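The lines below spell out each chain.
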Amino acid sequence: MKILGIETSCDETAAAVVEAGVVCSNVVQGQVEVHAVYGGVVPELASRAHIQNISAVVTAALQRANVAAEALDGIAVTVGPGLIGGLLVGLSVAKGMAMALEVPLIGIHHMEGHLMSPFLQDPAQPAPLCAFPFVALLVSGGHTMLLHAEAFGRYHLLGQTRDDAAGEAFDKGARLLGLPYPGGPAIAALAQGGNPQAFRFPRARLERDRFDFSFSGLKTALRTHVLNHPLAPEDSQGRRDVAASYQEALVDVLADKALAACRAAGCQRLLVAGGVGANQRLRALLAERAGAVALFAPPVSLCTDNGAMIALAGANRLALGQRSDRSLNVRSRWPLADLRS
Ligand code: KG4
Ligand code: ZN
């Protein structure tokens, strides 16, 4: 089955064609320059940029895959969670195409897309393929979740953030340090050559719900630190040390809880995906502490938002006989958000 996947939930306009798990094309048009001046994503500007870009992105995805629209077997689209205006752009295009081409349409939860990313085969960047069951650490700008995935569609939520998402903590931390948006790559770059032990920023362990996360205290600690120890622009080593110490506090907790969740679930596979999953220090810490747990982290281009992961989740659902009808609309809730195991 050749499936077109469309993803417009945040600030990437993305479309891809996937056939039997193989990425035939993967086109992502970012909007960093639109939002950079505001230090974060401005929803209305994101919607407008999606409208401007979506046709060219879908056309490029079909062309690069060398697939005519008429040859598609289905269309998968992100229906949430995300910014509503952006979601509506992708949904409208997907619905219109599915109706015109008379092919099935399937609405996909954005996080199920991330869950599917280690099952994608990109011939340009071969990586070991994941298998069920696994524990997933999904860390993006909007989510921080630990899930136990038993099989496709059977997911148990082990923990999630109580306040900021990990990516948000990177983005807000970057603002406090005067770094540009998106903050994750900016902090990671500044942290190189910094001493991660220079300052001890707090790690929220949360005794009761031990797989939940909290990053608001860490953010406040950085703010207090910067106010009490103003950083001179010429003190590049000092700036690197603060960035490295802040990053370390963030990824230390992520790595620790993800591996503890694997042990608690008796699971030997750990997937890390979502934008923060691209963080090299997080990957290094996980590798260092993994022991017998096999680590699966998709290539960076499949870790951050993309249409290929949506296409693959769609292919799996279509193969199970599921279809969305014309009433398909945006959804904001993760269906398993309240389930704890
Ligand atoms: O998954 P994603 O592309 O979009 C959402 O679904 O939110 O994640 C974006 C987030 C941003 O907060 C960004 O700062 C963060 O991922 N990010 C990183 C890195 N690359 C992107 N955080 C830490 N290190 C990175 N290398
Ligand atoms: Zn995402």
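Just so it is clear, the model here is predicted, and its values are computed rather than measured.

What counts, and at which threshold
- Residues numbered from 1 in each chain as written.
- Chains lettered and ligands numbered in written order.
- Predicted model: local features only at pLDDT ≥ 70, side-chain atom pairs only at ≥ 80, totals over all residues.
- Heavy atoms only, no water.
- Donors = N, O, S within 2.8 Å, 3.2 Å for Na, K, Ca; no water.
- Tetrahedral: all angles 85-135°; square planar, octahedral: opposite > 155°, others 65-115°.
- Helix = DSSP H or I, 4+ residues; strand = E, 2+ residues; numbered from the N terminus.
- Near = heavy atom within 4 Å.
- Polar contact = N/O pair within 3.5 Å; in protein donor to acceptor, adjacent residues only side chain to side chain.
- Areas by Shrake-Rupley, 256 points an atom, 1.4 Å probe, with all protein chains shown as cover.
- Nonpolar A, V, L, I, M, F, W, Y, C, P; charged D, E, K, R; others polar.
- Domains from an automatic or database assignment.
- Phe/Tyr/Trp six-rings, centres within 6.5 Å; stacked < 30°, edge-to-face > 60°.
- Buried < 20%, exposed > 50% of the residue type's maximum accessible area, 1.4 Å probe, protein only.
- Core = buried A, V, L, I, M, F, W, Y, C linked by side-chain atoms within 4.5 Å.
- Contact = heavy atoms within 4.5 Å.
- Buried area = accessible area lost by both parts, 1.4 Å probe.
- Salt bridge = Lys/Arg side-chain N within 4 Å of Asp/Glu carboxyl O.
- pLDDT = per-residue confidence, 0-100.
- Pairing = 2+ DSSP bridges.
- Axes fitted to C-alpha atoms, helices over the stretch in contact; angles between N-to-C directions.
- Arc of directions from axis to C-beta.

## With respect to the coordination of the zinc ion (ligand 2)
For the zinc ion (ligand 2), the full set of protein donor atoms is His110 (NE2), His114 (NE2) and Asp305 (OD), and the range of their distances to it is 2.1 Å. Classification of the site at the zinc ion (ligand 2) rests on its four donor atoms, whose angles at the metal span 94 to 154°, yielding the label irregular. Mapped onto the polypeptide sequence, the residues donating to the zinc ion (ligand 2) form the spacing pattern H-x3-H-x190-D. Separated by 191 residues along the polypeptide, His114 in helix α4 (residues 110-116) and Asp305 in the loop between α10 (300-303) and α11 (307-319) bring together distant segments of the chain.

## Things to note about the site of ligand 1
As a structural note, the neighbourhood of ligand 1 is formed by 19 residues, with Gly141, Asp171, Gly184, Gly275 and Asn279 the closest of them. Within the contact set of ligand 1, an oxygen atom lies 3.4 Å away from a side-chain nitrogen or oxygen of His110. Within the side chain of Asn279, a nitrogen or oxygen atom sits 3.0 Å from a nitrogen atom of ligand 1. Burial of ligand 1 by the protein amounts to 88% of the accessible area it has alone, namely 550 Å². Elements with a contribution of two residues or more to the shell around ligand 1: α4, α5 (166-176) and α6 (183-191). In terms of residue class, the shell around ligand 1 is made up of five nonpolar, 12 polar and two charged. Counting contributing residues, the shell around ligand 1 receives three or more from each of domain 1 (2-125 + 304-339) and domain 2 (134-297).

## Examining the packing of aromatic side chains
The relative placement of two aromatic rings is captured by the distance of their centres and the angle of their planes. Applying the stated criterion across every chain yields a total of five aromatic pairs. Seen in terms of ring centroids, Phe201 and Tyr246 are 6.2 Å apart; in terms of plane orientation they differ by 85°. Their pairing is edge-to-face. Of this pair, Phe201 sits in the loop between α6 and α7 (216-228) while Tyr246 sits in helix α8 (residues 236-265), and the two are 45 residues apart along the sequence. Given a relative accessible area of 3%, Phe201 falls into the buried group.

## Regarding the nonpolar core
Nonpolar side chains tend to gather and get buried jointly when the protein is soluble and globular. Of all hydrophobic cores here, the largest spans 46 residues; its most connected members are Leu137, Leu146, Leu254 and Leu282. Elements with a contribution of two residues or more to this core: β6 (134-139), α5, α6, α7, α8, β9 (269-273) and α9 (280-289). For this core, the leading source of residues is α8, giving 15 residues. Residue contacts for Leu146: discarding those within four places in its chain leaves Val135, Ala136, Leu137, His156, Leu157, Leu158, Gly159, Phe211, Phe213, Lys257, Ala258 and Ala261.

## What to know about the domain arrangement of the protein chain
Looking at the assigned domains, one finds that the protein chain contains domain 1 (2-125 + 304-339) and domain 2 (134-297). Put simply, the middle of domain 1 and the middle of domain 2, counted by C-alpha atoms, are 26 Å apart. Taken residue by residue, the interface counts 24 residues in domain 1 and 21 residues in domain 2. Buried surface at the junction of domain 1 and domain 2, both sides included, amounts to about 1900 Å², of which 74% is carbon and sulfur. In this structure, the connection of domain 1 to domain 2 is made through zero salt bridges. Counting across the interface, domain 1 meets domain 2 through two residue pairs in polar contact (both at pLDDT 80 or more). Among the elements of the structure, α4 and α11 are those that each provide at least two residues to the side of domain 1 that touches domain 2. Element by element, the count of residues in the side of domain 1 that touches domain 2 is highest for α4, at five residues.

## A look at the confidence of the model for the protein chain
For the protein chain, the mean per-residue pLDDT works out to 92, and 97% of the residues sit at or above 70. Here residues 336-341 scores under 50 on pLDDT; set against residues more than four positions off or in separate chains, the count is 15 contacts.

## Details of the sheet that holds β6
Strand order across the open sheet formed by five strands is β8-β7-β6-β9-β10, with mixed pairing between neighbours. Two strands lie at the open edges of the sheet, namely β8 (154-160) and β10 (294-296), each paired on one side alone. The mean inter-strand angle of the sheet, taken between neighbouring strand axes irrespective of direction, is 25°.

## Points about α6
Among the residues of α6, Gly183, Gly184, Ala186, Ile187, Leu190 and Ala191 are the ones counted as buried. All buried residues of α6 project into a common sector of 165° when viewed along the axis, lining one side. In α6, those exposed residues whose orientation departs by more than 90 degrees from the buried face are Pro185 and Ala189. Each element contacted by the buried residues of α6 is listed here: α5 and α8. Where α6 ends, the next residue or the one after it, Gly193, has phi of about 85°, a positive value.

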